[in-house]
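Summary of the model geometry
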Amino acid sequence: MKKSTTLPPRFSSLAAAHQALGLPQPQHPLISLVDATVHPVKQAADGPHVLSFYKIALKTGRAGQLAYGQGHYDFTEGSLLLAAPNQLIGSVPGEESGCQRGTVLLVHPDFLLGYPLAKTIKQHGFFTYATNEALHLSDKEKATIETLFGTMAEELSNPLDALSQEVLLAQLDLLLTYAQRFYQRQFLTRRPANRVLLQQVDELLDAYFEAQKPLVQGLPTVHYLAEHVNLTPSYLSDMLRSLTGQNAQQHIHHRLIERAKERLAVSSLSVGEIAYELGFEHTQSFSQLFKAKTNTTPLSFRRSFTGRQ
């Protein structure tokens, strides 16, 4: 007999989410800001749930564990969690849950339609970070975020007029810009630990090539690396960019080219054989990448390195 699978509840409207979270009805159908100190956010269901809108939550009080994707995270003092629409997020059953102190901002994607922010919001990688990669704020940073939330709350309390949406979108854009700045600070302050992760990534790539995995699995991918260092692909990319100036895909390409140079220099394998050994299906794709990264072809590199004609 097949085991029945129960899908997590999905909330497509802010009104439905507010009701499930034990909150008063939102002042606007597409954007809401909740002061969890006044209106504590309750557990939405017996387990995680899915929201069809953006969620930005500033936690300033203790509230147990949250689930996000396949992982759990202790959402503690001074943390900012940013989640994209359609992500699995919610409380872990049996744990103290919800948000007892702090602020929760919910923004429906429809609120952004027709404005540049509808596109630029998707360029912020932190919306796809896991909760164990949340932004941990200093006291000064927390005060900045609280001030921004305060101005948004004031705007939402005013009667709607022709410029209300533009004002709120400008405030949201500023909030996201600060989040980006604070994440860059977080990468810098964690640089020693991140250098260890960089070493792990390089060791994973070396082991991948040494085990001849490209022959079976193809080129190494960002998802492969992220899974093995327990990070999301977007966080890994942003972390590597803060250390090396290259995102995860560019870093893989860099290591591929270094490996290719070594094989061209010390082996008698053909360019096609080296391409296949590295995981390329087509020699032309390898040659194009090699030339793009080195401004020379694989054969020209081999000739210049070995002196062979």
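Residues numbered from 1 in each chain as written. Predicted model: local features only at pLDDT ≥ 70, side-chain atom pairs only at ≥ 80, totals over all residues. Heavy atoms only, no water.

Within the protein, the secondary structure is distributed over 12 helices and 10 strands. When each of the 309 residues of the protein is scored for burial, the buried share is 46%. Restricting to contacts in the protein with at least 6 residues of sequence separation, those with at least 24 account for 71%. With an accessible surface of roughly 16100 Å², the protein has 52% of that area assigned to carbon and sulfur atoms. (Helix = DSSP H or I, 4+ residues; strand = E, 2+ residues; numbered from the N terminus. Buried < 20%, exposed > 50% of the residue type's maximum accessible area, 1.4 Å probe, protein only. Contact = heavy atoms within 4.5 Å. Areas by Shrake-Rupley, 256 points an atom, 1.4 Å probe, with all protein chains shown as cover.)

Relative to the 16 Å expected for 12 residues at 1.5 Å per residue, helix α8 (residues 233-244) spans 16 Å between its end C-alpha atoms, a close match to the ideal helical length. Among the residues trailing α8, glycine 245 stands out with phi positive, at a value near 80 degrees. (Expected span 1.5 Å × (residues − 1).)

Quick look at the packing of aromatic side chains now. Evaluated as defined, the whole model comprises 13 aromatic pairs. Put simply, the rings of Tyr54, Phe126, Phe127, Tyr129, Tyr183, Phe187 and Tyr235 touch in pairs and so form one group of aromatic residues. (Phe/Tyr/Trp six-rings, centres within 6.5 Å; stacked < 30°, edge-to-face > 60°.)

Turning to the side chain of serine 79, a few remarks are in order. Inspection of the secondary structure assignment puts serine 79 in strand β7 (residues 79-83). Side-chain polar atoms of serine 79 contact the side chain of histidine 136, separated by 3.2 Å. (Polar contact = N/O pair within 3.5 Å; in protein donor to acceptor, adjacent residues only side chain to side chain.)

Moving on to a nonpolar patch on the surface. A grouping of Leu215, Val216 and Tyr276 is seen on the molecular surface, where their side chains present a nonpolar patch of about 330 Å² in accessible area. Here valine 216 lies in helix α6 (residues 214-217). Using a relative accessible area of 74% as the deciding quantity, one classes valine 216 as exposed. (Patch = residues over 30% accessible without salt bridge, like charges linked within 9 Å, V, L, I, M, F, W, Y side chains within 5 Å. Salt bridge = Lys/Arg side-chain N within 4 Å of Asp/Glu carboxyl O.)

Topologically, arginine 185 is positioned in helix α4 (residues 164-189). Spatially, the C-alpha atom of arginine 185 lies 9.8 Å from that of leucine 135, the residues being 50 residues apart in sequence. If near-sequence neighbours (up to four positions away) are discounted, arginine 185 is found in contact with Leu135, His136, Leu137, Ser138 and Glu141.

Take empty space enclosed by the protein next. All chains considered together, the criterion is met by two cavities of 30 Å³ or more. By volume, the second largest cavity amounts to about 30 Å³. With three residues, the single largest contributor to the lining of the second largest cavity is β7. (1 Å grid on protein atoms, 1.4 Å probe; cavity = no way out; pocket = protein on both sides within 12 Å on 5 of 7 lines; lining within 4 Å. Points joined across faces, edges and corners; volume = space filled by probe spheres on them.)

On to the nonpolar core. Counting 66 residues, the largest nonpolar core has Ile56, Leu105, Leu172 and Leu236 as the members making the most contacts within it. In terms of residue count, α4 provides more of this core than any other element does, nine residues in total. Look past the residues within four positions of isoleucine 56 in its chain and what remains in contact with it is Leu80, Leu81, Leu82, Thr103, Val104, Leu105, Phe127, Phe149, Leu172, Leu175 and Leu176. Counting 13 residues, the second largest nonpolar core, distinct from the first, contains Phe11, Leu14, Ala36 and Leu106. (Core = buried A, V, L, I, M, F, W, Y, C linked by side-chain atoms within 4.5 Å.)

At a closest axis distance of 10 Å, the pairing of helix α5 (residues 191-210) and α8 adopts a crossing angle of 105 degrees. Of the possible angle classes, the one that applies to α5 and α8 is roughly perpendicular. Side by side, α5 and α8 meet where Arg191, Asn194, Arg195, Leu197, Leu198 and Val201 of the first sit next to Leu236, Met239, Leu240, Ser242, Leu243 and Thr244 of the second. In terms of residue class, the contact of α5 with α8 is built from seven nonpolar, three polar and two charged. (Axes fitted to C-alpha atoms, helices over the stretch in contact; angles between N-to-C directions. Parallel < 35°, antiparallel > 145°, perpendicular 65-115°, else oblique. Nonpolar A, V, L, I, M, F, W, Y, C, P; charged D, E, K, R; others polar.)

Relative to each other, helix α10 (residues 271-278) and helix α11 (residues 283-294) sit at 90 degrees, their axes nearing to 9 Å. Between α10 and α11, the interaxial angle falls into the category roughly perpendicular. In this structure, α10 uses Val271, Gly272, Ile274, Ala275 and Leu278 to contact α11, whose residues at the interface are Thr283, Phe286 and Ser287. Of the residues in the contact of α10 with α11, the class split is five nonpolar, three polar and no charged.

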